[in-house]
Amino acid sequence: MMKDLQRAYQQHGMVTTKGRWHGRCLVAVCLGLLVGVSWFVSGLIVSGPSFAVAQPPKGGQAEAASPVATKASGNTSKVDFQRDIRPMLATHCYPCHGPDANSRKANLRLDQREEAIAAGAIVPGKPEQSELWRRLTAPDPAERMPPLQAKKPPLSPEQLARIRQWLAEGASYAEHWSFRKLVRPEVPQVHLPGWTIRNPIDAFLAYRWQQEGIQPSPQADRITLIRRLSFDLRGLPPGVDEVHAFLNDHSPDAYEKLVDRFLASPHYGERMAVWWLDLVRYADSIGYHSDNPMNVAPYRDYVIAAFNSNKRFDQFTIEQLAGDLLPQRSREQLVASAYNRLLQTTEEGGAQAKEYIAKYAADRVRNYGQVWLGGTLMCAECHNHKYDPYTMVDFYSMAAFFADIQEAAVGPREPGMLVPTAEQERRLQQLQQAERAARQTLQARSAVLPAAALRREREALRQAEAERSAFENTIPRVLVTISGPPRTVRLLRRGNWQDDSGPIMTPRTPAFLPPLPPLPPGQQRYNRLDLARWTVSPDNPLTARVMANRLWKLFYGRGIARSLEESGTQGEWPTHPELLDWLAAEFQSNWDVKHLVRLMVTASAYRQSAQERPDLRERDPLNLLWARQNRFRLDAEFVRDTALAISGLLVPRIGGPPARPYQPPGYWAALNFPPREWVKDKGEQQYRRGLYTHWQRTFPHPAMVAFDAPSREECTCERPRSNIPQQALVLLNDPEFVEAARAFAQKALREGGPDDHQRLSWMFERATARRPDPDEQQVLAQLLQRHRQHYRQHTEAARQLLQVGDHPPLPDVPAAEVAAWTSVGRVLLNLHETITRP
């Protein structure tokens, strides 16, 4: 890091060739180059192999998923249909010879063994007599498959050899890995010298390492471990006191105690909520057309509370999909049912109601299929799925589950249900009682007095109503699900909402998956509660696998099956299928999220160093075997939270209305019906965590967008991690980061010690959890001195810098001094070490 600082410091405008200071303008273009290039250059180092950013060839799936020369699966080993053959057939053959009858050619199916054999495409044990092999290897391009017009990449000699071997071995088929019944595999018995097997995760990984002939990485140092854990479990950097306490705790269970403390933190729920809100496409605006606001913030707080209280995941699922249908439902369960109202809707006056009813139905099926089934059920909206067994009947039968939700197809969303606190509830009851009393008084006196004599009573009632109404306007509201008579759902041919000729659909789960249990006596049709219970039933093989895989990604940097959004045949084969099934079975046994998280972060594998090793770079450049940890840049919200936490500005209050931090003027200029302008918050609301920032679907906060936050118009299973110059510019120029740097500097001047050396060390440790080495200390000291000289000569630039943000400046310290230390703060907040999960 120091060399990056030094190089950028020397090369980008901090000094002239004669060693004199270049005076630059307010937000210090030269500082921008220093920080931006330092962060960007060093960021490129972090985003190399340790980010695992290299992508396998599109469509290659499992056969291209691992560059590791696996001894156990070399060409002399028995072919595995799931790992070796199905991905090739799915990519090259299924589009014309797969599940979709409408696109099927020659009436040939290769996704079903019996039909392929009956057609002569496959002759088990005899490759040369198999039409499949003859056509794949035909010398005449007119006969060879796949045809040139399919524009598919040709099969390599190695792939052809695998297919021939598979045919010779009997051409056995197997059910797709994610569709199989979930069975807990046995934990391998393995001993790896010098390696501690702390739980089954380590055993599965170590077994594979032994097969591959590689060694795991050593345990990371304690500072790295506490930073990793704090970012992973809280989305925040550890405080200096927490770091010192952990370093000084020499008990054998010091690490486990740290894990439990972070899991018990209220910020754990905030961290996990960011992940979940991406999945369910939570936003504070309706999305289409005017993109006006809607009241759903209490749902976000429900999610935070659910993770903090460790609500069972099956109950968490049921409450969201069907909380309104539960017997003796609580207010909390009604708030959870807001999940069904998170989709995009429209208020456009000219919109066709029938079209948007179809859009809403499709949106709900898409999101359910992605969140809980991890599949591309949405591909069956207009035709049967070309690769997986989802059909159009499945798609519209799933839509029928949601047909009872009562909502306007076009027009403003209703205000929603009141969600008062306990104190607000008491006050509201008092006001409602006062209103009832005033009404009863008016009614009683109306019976004996003429209308002209009731002016006082009418005024008392009007005042009581106004006071109650005004108070209600201060209480949060949330859109909830209201169930009513289900509308008719038809199969829309080619997805055409104007075509009513399709058959009527009734609620039913996908036909290839285990069915719903029989209807109870007296119930005429299945409903959302039945769907919710089926989703988390032991018979459903998908939900537990999908969630275990996504949770693994949070803590290890990549899913065991890399395709978090696609558990079907177009997704990637898991690198460790037995490990994934064991985790899924463990999760399904108790639906305990914290238990599964704790298993993952207490494993020896999690504690490994992320340092690159030459042997692993050669053998496993994408770190598919997890013989080291992964480093990666923090998510957008946590980049902001980190700056606020380090500076001391962060307001740690949990929950509440959406926050509106600084945002560029005019950013909402294109919003109409009505036109509106972003009005930033004042006071504490300005310094809330990024999780609480108002989420405008058509115009997400630009600082969030720069760091790859999604619009949440659709489900986001995995955010990309880009590395672009705009990110360094946000960290340099965005008012919230400039203000955080100034607050950081002012805190150092007050609390960091009596001299520059102590203050620089104090600031560096708060940003990175470690003390600077002598070279780093020297670079920062040189930076501080040069900026002192600059701002003493350019007092107006110092004054303008200190005016950025609402945080009050130090009244008793010269502006030039504060500005110089602010420059140091900006450098430290821009370091890749500051915004990287180690």
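Numbers given for residues are sequential positions, taken from 1 along each chain in its written order. It should be noted that, the model being predicted, local features are given only for residues of pLDDT at least 70 and side-chain atom pairs only at 80 or more, the latter also being counted only at that level, while totals for whole chains, interfaces and linings use all residues. To get the side-chain values, take all heavy atoms of the structure and skip hydrogens and water.

1. Examining the packing of helix 31 (residues 774-793) against helix 33 (residues 815-830)
Part 1 of the argument: Here, axes are lines fitted to C-alpha atoms. For helices the fit covers the stretch in contact, and angles between N-to-C directions go from 0 to 180 degrees. Under the scheme used here, helices are H or I runs from DSSP no shorter than 4 residues and strands are E runs no shorter than 2 residues, and both carry numbers assigned from the N terminus. Running from N to C, helix 31 and helix 33 cross one another at 140°; their axes reach a closest spacing of 8 Å. Of the possible angle classes, the one that applies to helix 31 and helix 33 is oblique. Note that helix 31 runs across helix 33; the crossing there is right-handed. Of the residues in helix 33, those touching helix 31 at Leu780, Leu783, Leu784, His787, Arg788, Tyr791 and Arg792 are Ala816, Glu817, Ala819, Ala820, Trp821, Ser823, Val824, Val827 and Leu828.
Part 2 of the argument: Following the grouping adopted for this structure description, the nonpolar residues are Ala, Val, Leu, Ile, Met, Phe, Trp, Tyr, Cys and Pro, the charged ones are Asp, Glu, Lys and Arg, and the polar ones are all others, Gly among them. Of the residues contributing to the contact of helix 31 with helix 33, the split by class is 11 nonpolar, 2 polar and 3 charged. If an angle is under 35 degrees, it is roughly parallel; if it is over 145, roughly antiparallel; if it lies from 65 to 115, roughly perpendicular; otherwise it is oblique. A clockwise turn of the near helix away from the far one marks a right-handed crossing, whereas an anticlockwise turn of less than a right angle marks a left-handed crossing. In what follows, a contact means two residues having at least one pair of non-hydrogen atoms within 4.5 Å.

2. As for the side chain of Ser647
Part 1 of the argument: Here Ser647 lies in helix 26 (residues 636-647).
Part 2 of the argument: Each residue is assigned to one of three classes by its accessible area relative to the maximum for its type, calculated with a 1.4 Å probe on protein chains only: buried under 20%, partly exposed between the two thresholds, exposed over 50%. Assessed through its relative accessible area of 3%, Ser647 is described here as buried.

3. Observations concerning the nonpolar core
Part 1 of the argument: In these notes, a set of buried Ala, Val, Leu, Ile, Met, Phe, Trp, Tyr and Cys residues joined through side-chain atoms within 4.5 Å is what counts as a nonpolar core. Core analysis: the largest hydrophobic core is formed by 193 residues, its most contacted members being Ile201, Trp276, Tyr299, Tyr368, Trp552, Tyr556 and Leu583.
Part 2 of the argument: With sequence-adjacent residues up to four places away left out, Trp552 is seen in contact with Ile201, Leu205, Gly557, Arg558, Gly559, Ile560, Leu579, Leu583, Met600 and Trp626.
Part 3 of the argument: Val79, Leu167, Tyr173 and Tyr387 belong to the second largest nonpolar core, which has 24 residues in total.

4. Focus on unusual backbone geometry
Part 1 of the argument: Here the bond from Met145 into Pro146 is cis, since omega is -5°, no more than 30 degrees from zero.
Part 2 of the argument: As for its position among the elements, Pro146 is in the loop between helix 7 (131-136) and helix 8 (157-168).
Part 3 of the argument: Even without a glycine there, the phi angle at His289 is positive, about 55°.
Part 4 of the argument: Examined against the element boundaries, His289 turns out to sit in the loop between helix 13 (266-279) and helix 14 (297-308).
Part 5 of the argument: Given the relative accessible area of 39%, His289 is considered partly exposed.
Part 6 of the argument: The residue Asn623 is not glycine, and still its phi comes out positive at about 55°.

5. Considerations on helix 26
Part 1 of the argument: For helix 26, which comprises 12 residues, the first-to-last C-alpha distance of 17 Å matches the rise-based estimate of 16 Å (1.5 Å per residue) to within 8%.
Part 2 of the argument: Most of helix 26 sits inside the fold, with 11 of its 12 residues counted as buried.
Part 3 of the argument: Turning to helix 26, its buried residues number three or more, namely Ala636, Glu637, Phe638, Val639, Arg640, Asp641, Thr642, Ala643, Leu644, Ile646 and Ser647.
Part 4 of the argument: Positive backbone phi, at 85°, marks Gly648, one or two positions downstream of helix 26. An expected span of 1.5 Å times one less than the residue number is assigned to each helix.

6. So, the side chain of Gln370
Part 1 of the argument: With respect to the helices and strands, Gln370 occurs in helix 17 (residues 353-371).
Part 2 of the argument: Taking relative accessible area as the criterion, Gln370 reaches 9% and is therefore assigned buried.
Part 3 of the argument: Setting aside its immediate chain neighbours within four residues, Gln370 contacts Gly375, Met378, Arg550, Glu565, Cys715 and Cys717.

7. Examining helix 23 (residues 577-590)
Part 1 of the argument: Taking 1.5 Å per residue as the helical rise, helix 23 with its 14 residues ought to reach 20 Å, and the 21 Å between its terminal C-alpha atoms agrees with that figure.
Part 2 of the argument: By the criterion of burial, helix 23 is predominantly enclosed, with 11 of the 14 residues buried.
Part 3 of the argument: Taken together, the buried positions of helix 23 are Pro577, Leu579, Leu580, Asp581, Trp582, Leu583, Ala584, Ala585, Glu586, Phe587 and Gln588.
Part 4 of the argument: For helix 23, the secondary structure elements touched by its buried residues are helix 9 (200-212), helix 15 (313-322), helix 22 (543-556) and helix 24 (593-602).
Part 5 of the argument: Positive phi appears at Trp591, one or two residues downstream of helix 23, with a value of about 50°.

8. Digging into the confidence of the model for the chain
Part 1 of the argument: For the chain, the mean per-residue pLDDT works out to 90, and 91% of the residues sit at or above 70.
Part 2 of the argument: What pLDDT conveys is the predictor's confidence in a given residue, as a value from 0 to 100. Contacts for the low-pLDDT stretch residues 1-75, under 50 throughout, to residues beyond four places or in other chains number 170 contacts.

9. Some words on the environment of Lys359
Part 1 of the argument: Of note, Lys359 is situated in helix 17.
Part 2 of the argument: Residue classification places Lys359 among the partly exposed residues on the basis of a relative accessible area of 31%.
Part 3 of the argument: Separated by 82 residues in the primary sequence, Lys359 and Leu277 place their C-alpha atoms 21 Å from one another.

10. Structural notes on the pattern of salt bridges
Part 1 of the argument: Salt bridge criterion: a side-chain nitrogen from Lys or Arg within 4 Å of a carboxyl oxygen from Asp or Glu. Using the criterion set out here, one finds 61 salt bridges in the structure.
Part 2 of the argument: Note that Glu131 and Arg135 form a salt bridge whose closest N and O atoms lie 3.7 Å from each other. Taken as a pair, Glu131 and Arg135 lie in helix 7 at a separation of 4 residues, close to a single helical turn.
Part 3 of the argument: Taking relative accessible area as the criterion, Glu131 reaches 30% and is therefore assigned partly exposed.
Part 4 of the argument: When its relative accessible area of 23% is taken as the criterion, Arg135 is described as partly exposed.
Part 5 of the argument: The partner of Arg788 in a salt bridge is Glu817, with the nearest N and O atoms 2.8 Å apart. Taken as a pair, Arg788 in helix 31 and Glu817 in helix 33 lie far apart in primary sequence, 29 residues in all. Glu817 shares its class with Arg788; the two are buried.
Part 6 of the argument: Residues participating in the shared-partner salt-bridge network are Glu435, Arg439, Glu465, Arg468, Glu472 and Arg477.

11. Observations concerning the packing of helix 30 (residues 756-768) against helix 31
Part 1 of the argument: Interhelical geometry of helix 30 versus helix 31 gives an angle of 115° and a closest axis separation of 10 Å. Comparing their axes, helix 31 and helix 30 come out roughly perpendicular. For the pair helix 30 and helix 31, the sense of crossing is right-handed. The residues of helix 31 that touch helix 30, namely those facing Asp756, His757, Leu760, Ser761 and Phe764, are Glu776, Gln777, Leu780, Ala781, Leu784 and Arg788.
Part 2 of the argument: Of the residues in the contact of helix 30 with helix 31, the class split is 5 nonpolar, 3 polar and 3 charged.

12. Description of the environment of Ala434
Part 1 of the argument: Position of Ala434 relative to the elements: it lies in helix 19 (residues 422-446).
Part 2 of the argument: Ala434 sits 30 residues away from Ala464 along the chain, and the two C-alpha atoms are 6.5 Å apart.

13. Looking at the packing of aromatic side chains
The geometry of an aromatic ring pair is captured by the separation of the ring centres together with the interplanar angle, meaning the angle of the planes.
Part 1 of the argument: Side-chain rings of Phe, Tyr and Trp (the six-membered ring for Trp) are treated as a pair once their centres are within 6.5 Å; stacked means planes under 30 degrees apart, edge-to-face means over 60, and tilted covers the remaining angles. Scanning all chains against the criterion turns up 30 aromatic pairs.
Part 2 of the argument: Ring centres of Trp276 and Phe316 lie 5.0 Å apart, and the angle between their planes is 55°; this geometry places the pair in the tilted category. Of this pair, Trp276 sits in helix 13 while Phe316 sits in helix 15, placing them 40 residues apart in sequence. Exposure class is identical for Trp276 and Phe316. Each is buried.
Part 3 of the argument: Aromatic pair Phe395 and Tyr396: ring centres 4.9 Å apart, planes at 70°, arrangement edge-to-face. With respect to class, Phe395 is no different from Tyr396; both count as buried.
Part 4 of the argument: Taking the ring centre of Phe262 as reference, the NZ or CZ of Arg234 above it sits at 3.9 Å.
Part 5 of the argument: The criterion is that NZ of a Lys, or CZ of an Arg, lies within 6 Å of the ring centre and within 35 degrees of the ring normal, and then a charge sits over that ring. Directly above the aromatic system of Tyr356 lies the positively charged group of Lys359, at a separation of 5.6 Å from the ring centroid.

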